[in-house]
Amino acid sequence: MASTDSEPGTEAPVPSALKILVAGGFGAGKTTLVGAVSEIAPLSTEEVMTEASYGVDDLSGVESKSTTTVALDFGRITINESLVLYLFGTPGQERFWFMWEELSEGALGAIVIADTRRLETCFAAVDFFERRGVPFVVAVNCFEGAHLYEPDEVREALSLNPEIPIVLCDARDRKSAKEVLLTLVNRVAESVNA
C-alpha cells in the first residue's frame, strides 16, 4: 500500500485551465502583453523581418518594428489556486492568419488588442471571434504620444455591442495586463452562466 503525506480530503484543488487567445493587428502589443503577464518565461516565435516582408506587410505606423510573430506566443498565469490561464498570442500579419483557426481550437475567450493609431488592424480579429461566438474583450493599448480615445469612441469605431468590455491598458505593464485578463475571465463566466 502506498503511503501519502496528507490526510484524505486535504489535497489541494486541481486548477481549472482556460485557454485564452491574444489577437489583434501587426505591432499592436500582443507579444508584449503575453510577456508582461506570464509567470513563466514566455515562448515566442518572434523572427527578424526580412526583405521578403517589404511590400507584403503593411508597416504604416510601425516603421521601426524589426521583428514579427510567425506562429504564436505562449505564456501562463495563475489567477488563484483553482484557475490557470494559458495565453496564446496570434500572429498579426494577414499572411499568418491561417494559424488563428488552429490556435482558436478549445479557446474559451480572447483579448483583441487595439492600437488606436491603426484601429483598422484589429477588425479581422473582432470579426473572427464574433463569427465563432468566442467571448472577447477589447484592450486598447495606450501607446505613448498617441491620442487617447474614450472606450465609447472605440466601441463606436469598431461597431461593438454594448456587452463587450473595452479596457484601456499598457501592454508593457503587468498590473495593467492582469486587469485585462480579469475582465476577460469575468466576461467568460458571464457567457457560461447566461
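Just above sits the structure.
Residues numbered from 1 in each chain as written. Predicted model: local features only at pLDDT ≥ 70, side-chain atom pairs only at ≥ 80, totals over all residues. Heavy atoms only, no water.

*Asks:* An account of the pairing of strand 1 (residues 16-24) is needed here, citing residue identities and associated values.
*Replies:* With seven of its nine residues buried, strand 1 lies for the most part within the structure. Pairing analysis gives seven bridges linking strand 1 to strand 4 (residues 83-89), with the strands arranged parallel. The residue of strand 4 that forms the bridge with isoleucine 20 is leucine 87. (Buried < 20%, exposed > 50% of the residue type's maximum accessible area, 1.4 Å probe, protein only. Helix = DSSP H or I, 4+ residues; strand = E, 2+ residues; numbered from the N terminus. Pairing = 2+ DSSP bridges.)

*Asks:* Mind laying out the packing of aromatic side chains, listing which residues take part and the relevant values?
*Replies:* Taken as a whole, this structure holds four aromatic pairs when the rule is applied. Their ring planes at 15° and their centres at 6.1 Å tell us that phenylalanine 74 and tyrosine 86 sit as a pair that is stacked. Remark: tyrosine 86 occurs in strand 4 and phenylalanine 74 occurs in strand 3 (residues 67-80); sequence separation between them is twelve residues. Pairwise contacts between aromatic rings join Phe74, Tyr86 and Phe88 into one cluster. (Phe/Tyr/Trp six-rings, centres within 6.5 Å; stacked < 30°, edge-to-face > 60°.)

*Asks:* Explain the nonpolar core residue by residue, including any values.
*Replies:* Counting 25 residues, the largest nonpolar core has Leu21, Val112, Phe129, Phe136, Val138, Leu158 and Leu160 as the members making the most contacts within it. Contributions of two or more residues to this core are made by strand 1, helix 2 (98-104), strand 5 (109-114), helix 3 (123-132), strand 6 (136-141) and helix 4 (151-158). At four residues, the largest contribution of residues to this core is made by helix 3. Apart from residues lying up to four places away in sequence, valine 112 is in contact with Ala23, Cys122, Ala125, Val126, Phe129, Phe136, Val137, Val138 and Ala139. Grouped together as the second largest cluster of nonpolar side chains are 24 residues, Ile20, Val37, Val167 and Leu184 included. (Core = buried A, V, L, I, M, F, W, Y, C linked by side-chain atoms within 4.5 Å. Contact = heavy atoms within 4.5 Å.)

*Asks:* Outline the pattern of salt bridges, supporting the account with residue identities and numerical values.
*Replies:* For the structure shown, the criterion picks out six salt bridges. Its salt-bridge partner being arginine 132, residue glutamate 101 comes within 2.7 Å of it at the nearest N-O pair. Separated by 31 residues along the polypeptide, glutamate 101 in helix 2 and arginine 132 in helix 3 bring together distant segments of the chain. The class for glutamate 101 is partly exposed, based on a relative accessible area of 41%. A relative accessible area of 34% places arginine 132 in the partly exposed class. Two residues, aspartate 115 and arginine 117, come together in a salt bridge whose shortest N-O distance is 2.9 Å. (Salt bridge = Lys/Arg side-chain N within 4 Å of Asp/Glu carboxyl O.)

*Asks:* A description of the environment of isoleucine 166 should follow, citing residues and the corresponding values.
*Replies:* Tracing the chain through its elements places isoleucine 166 in strand 7 (residues 166-169). Aside from chain neighbours lying at most four places away, what touches isoleucine 166 is Val138, Val140, Pro151, Val154, Arg155 and Leu160.

*Asks:* Talk me through helix 4; I want residue IDs and the actual numbers.
*Replies:* Looking only at helix 4, the buried set comprises Val154, Arg155 and Leu158. Within helix 4, the buried residues cover an arc of 100° as seen down the axis, which keeps them to one side. Looking at helix 4, the residues exposed on the side facing more than 90 degrees away from the buried face are Asp152 and Glu156. In this structure, the buried side of helix 4 is in contact with helix 3, strand 6 and strand 7. Within two residues after helix 4, serine 159 carries a phi angle of roughly 55°, on the positive side. (Arc of directions from axis to C-beta.)

*Asks:* Describe in detail unusual backbone geometry, supporting the description with residues and values.
*Replies:* In this structure, serine 159 takes a positive phi of about 55° despite not being glycine. With respect to the element layout, serine 159 can be found in the loop between helix 4 and strand 7.

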